[in-house]
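# Residue-level structural notes
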Amino acid sequence: MNAVVATSVFGAFMVATVVLGLLAVRGRGNRGRDGLAEWSVGGRSLGTVFIWVLMAGEGYTSFSYLGAAGWGYNYGAPVLYVVAYMSCGYAVGYVVGPMLWAYARRHGLVGITDMVAHRFGRPWLGALVAVLATVFLLPYIQLQITGMGVVVSTISYGAISLNWAYFIAFAVTTGFVVVSGLRGSAWVSVLKDVLVIATLGFLALYVPMHYFDGYGPFLDRLVTGKSEWLTFPGHGDSGLGQAWFITTSFLNSLTVVIFPTTVAGYLGAKNADVLRRNAMWLPAYNVLLFVPMLLGMAALFVVPGLVGAESNLALFELVVDSLPAWAVGVIGVAAALSSIVPMAVFMLVIGTMWGRSVLSLVPRWQQRQKGAAQTVVVAAGVIALVLTYTEPNTLVRLSLISYEGMAQLLPMVLLGLMWRRLTLLGAMAGLGVGVGVVCGFVFTGNDPVWGVNAGIVALGANLAVALAVTYAGPREHDDRPDGDVLARDEPGERRGAAESRRPELSGVGVSEASDAPAGA
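In what follows, the accompanying structure is described. (Residues numbered from 1 in each chain as written. Predicted model: local features only at pLDDT ≥ 70, side-chain atom pairs only at ≥ 80, totals over all residues. Heavy atoms only, no water.)

## Comments concerning the overall build of the chain
Convention followed: In DSSP terms, a helix is any run of H or I states spanning at least four residues, a strand is any run of E spanning at least two, and both are numbered starting from the N terminus. What makes two residues a contact is simply this: any of their non-hydrogen atoms within 4.5 Å. What sets the accessible areas is the Shrake-Rupley method with a 1.4 Å probe; for residues, cover comes only from the shown protein chains.
Secondary structure assignment for the chain yields 23 helices and zero strands. Within the chain, contacts between residues at least 6 apart in sequence are counted, and of these 84% link residues at least 24 apart. Total accessible area on the chain stands at roughly 19,400 Å², and carbon and sulfur atoms take up 66% of it.

Here you go:
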């Protein structure tokens with residue numbers, strides 16, 4: 001009976017999710033070439049509320065219910081790096097977000113692959129970055145499929161097997177994103193956030209009261225019995241000390257602003273001020289992250305002895321153990337939507353990158369970029385699902401380098417858009433060295449290295465090589481003015497010109513757009 005009640009609640013909310021996605025795009029026809037901009041960046045028309053819930057949804061994934069609780073259960077204090085880097089990343093995004101938005105708006109671009117291709121005037125460079133970014137993003141899709149599968153199986157009290165739960169996660173998300181695109185993800189994020197805030201707020205009060213008679217007894221027991229979890233490097237020989245915490249927070253705060261999914265959120269905004277307001281309000285959402293972290297440590301006393309992947313279920317062990325089935329179902333829906341929204345954006349971004357920067361190089365696909373992107377969405381989801389069934393460790397191993405690998409695009413994207421002297425050869429050489437170094441450290445088990453995040457060591461080597469090759473080599477000849485090459489955000493400029501409904505460009509090379517102000 002518990003399984004029937006919980007799965008019925010879950011099924012009802014999944015239907016509501018699909019309906020919301022359909023309502024989001026009702027009456028909105030194709031805009032621009034094949035409607036790619038409408039599908040991939042919401043027609044660049046999302047306001048403050050939708051951008052806030054969308055970008056909060058990207059940051060608040062199934063990791064927040066499973067991994068954050070698991071890290072709290074296994075290590076303790078080091079898990080706070082998530083709150084640190086996301087809050088610092090929003091501060092960096094206050095500056096970078098409007099800059100990238102203005103650049104993309106001015107030249108009719110829909111992602112970072114477009115941006116690097118336009119900056120260096122090489123369409124093939126966008127295709128190369130798309131392939132590299134896909135390698136780093138696919139593990140996130142697999143992890144969200146796995147996370148949602150675990151949630152569905154758990155809240156059904158084992159009635160739904162993991163294999164069927166994985167398929168449900170794939171089917172719901174793929175169908176949803178193909179039809180509704182970024183706008184649908186933003187609409188569903190509203191439902192997700194209401195449930196996340198409500199369920200985590202309830203659990204923050206319920207668990208300490210139910211199991212410990214209040215926060216005072218719980219915290220006293222935590223301090224006296226598990227003090228190792230409250231200091232760096234946390235419990236066990238993790239190597240996650242203060243130097244690791246600082247370097248990881250710094251690296252991730254820079255990387256998150258150029259992460260393709262974050263950039264998709266930036267480009268969906270109707271103007272740059274939406275992004276500035278968003279950057280100020282988003283850190284407030286991070287307060288919720290303390291709840292699963294704290295409840296993970298509470299589970300140390302309630303369900304001791306969880307090892308390996310079992311520790312990721314620390315929070316749900318508390319939920320299933322003490323709450324009625326309908327409440328388990330609602331909390332499961334919040335966790336599932338925390339997988340669906342970011343997974344949808346990951347799949348959408350991969351589709352957009354390939355439709356715009358890879359398949360568009362084939363003449364027959366140039367006029368059908370949206371269709372190509374939607375096809376790639378399905379293909380990416382199928383690949384992630386098949387590997388989840390057959391080779392689950394393949395993408396898990398790749399996930400070890402996902403964030404640190406994506407960080408190696410920082411010089412090419414950010415430095416390249418702010419400093420014209422950076423050459424294509426310098427950017428490529430730095431990228432190759434950075435990716436090679438980070439793969440070498442991670443896959444040989446040397447991360448952290450010398451107590452710091454291996455990604456920041458690789459980024460240092462990347463930047464050094466990029467600068468050395470740039471200064472040692474010849475200057476590149478490019479007749480375009482600075483305003484057509486570099487990204488700028490000037491708050492004083494009027495936004496009205498930005499709303500002039502510029503046609504989206506189908507190519508990824510040098511734009512023939514007019515010289516509208518970069519801050520438009």
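Don't stop here, the text continues.
## Description of the environment of Ala 384
Summarising the element assignment, Ala 384 is placed in helix α17 (residues 369–390). Residues Ala 384 and Leu 143, 241 residues apart in the sequence, show an inter-C-alpha distance of 8.9 Å.

## Observations regarding the environment of Ser 339
Secondary-structure assignment places Ser 339 in helix α16 (residues 325–358). Through-space distance from the C-alpha of Ser 339 to that of Gly 147 is 7.0 Å; in sequence the pair is 192 residues apart. For Ser 339, the residues in contact, after removing those within four places along its chain, are Ser 62, Gln 144, Gly 147 and Met 148.

## Description of the packing of aromatic side chains
Filter applied, for reference: What counts as a ring pair is set by centres within 6.5 Å for rings of Phe, Tyr and Trp (its six-membered ring), and what kind of pair is set by the plane angle: stacked under 30 degrees, edge-to-face over 60, tilted for all other angles. Residue exposure (1.4 Å probe, protein chains only): buried if accessible area is under 20% of the type maximum, exposed if over 50%, otherwise partly exposed.
Within the structure shown, the criterion is met by 19 aromatic pairs. Judged by centre distance (6.1 Å) and plane angle (55 degrees), the ring pair of Tyr 166 and Tyr 389 falls under tilted. Placement of Tyr 166 in helix α9 (residues 162–212) and of Tyr 389 in helix α17 is noted, with a sequence separation of 223 residues between them. Using a relative accessible area of 11% as the deciding quantity, one classes Tyr 166 as buried. With a centroid separation of 4.9 Å and 20 degrees between ring planes, the pair formed by Phe 259 and Tyr 403 is classed as stacked. One end of the pair, Phe 259, is in the loop between α11 (242–255) and α12 (260–267); the other, Tyr 403, is in helix α19 (residues 402–406), with 144 residues separating them in the sequence. The pair formed by Phe 259 and Tyr 403 is uniform in burial state, with each residue classed as buried. Taken together, the aromatic side chains of Trp 71, Tyr 75, Tyr 81, Tyr 85, Tyr 140, Trp 244, Phe 259, Phe 346 and Tyr 403 make up a single cluster linked through ring pairs.

## With respect to the packing of α12 against α16
Helix-helix packing: each pair is described by the crossing angle between the helix axes and the interaxial distance. Selection rule: Helix axes are fitted to C-alpha atoms over the stretch in contact, other axes to C-alpha atoms as well, and angles between N-to-C directions run from 0 to 180 degrees. The scheme is simple: roughly parallel for angles under 35 degrees, roughly antiparallel for over 145, roughly perpendicular for 65 to 115, oblique for anything else. Gly is placed with the polar residues, together with every amino acid not listed as nonpolar (Ala, Val, Leu, Ile, Met, Phe, Trp, Tyr, Cys and Pro) or charged (Asp, Glu, Lys and Arg).
Running from amino to carboxyl end, α12 crosses α16 at an angle of 90 degrees, the nearest separation of the two axes being 9 Å. When the axis of α12 is compared with that of α16, the two are roughly perpendicular. Contacts between α12 and α16 involve Pro 260, Thr 261 and Ala 264 from the first element and Val 345, Phe 346 and Val 349 from the second. Grouping the amino acids of the contact of α12 with α16 by side-chain chemistry returns five nonpolar, one polar and no charged.

## Let's talk about α17
The line we're drawing: Helix span, as expected, comes to 1.5 Å for every residue beyond the first.
Taking 1.5 Å per residue as the helical rise, α17 with its 22 residues ought to reach 32 Å, and the 31 Å between its terminal C-alpha atoms agrees with that figure. Buried within α17 are the following residues: Gln 369, Ala 372, Ala 373, Gln 374, Val 376, Val 377, Ala 380, Gly 381, Ala 384, Leu 385 and Thr 388.

## As for the nonpolar core
Applicable threshold: We define a nonpolar core as any set of buried Ala, Val, Leu, Ile, Met, Phe, Trp, Tyr and Cys residues linked to one another through side-chain atoms lying within 4.5 Å.
By size, the foremost hydrophobic cluster in this structure holds 154 residues, and its most contacted members are Met 115, Ile 141, Leu 203, Phe 316 and Leu 409. For Phe 316, the residues in contact, after removing those within four places along its chain, are Tyr 65, Leu 66, Val 151, Thr 154, Ile 155, Ile 331, Gly 332 and Ala 335.

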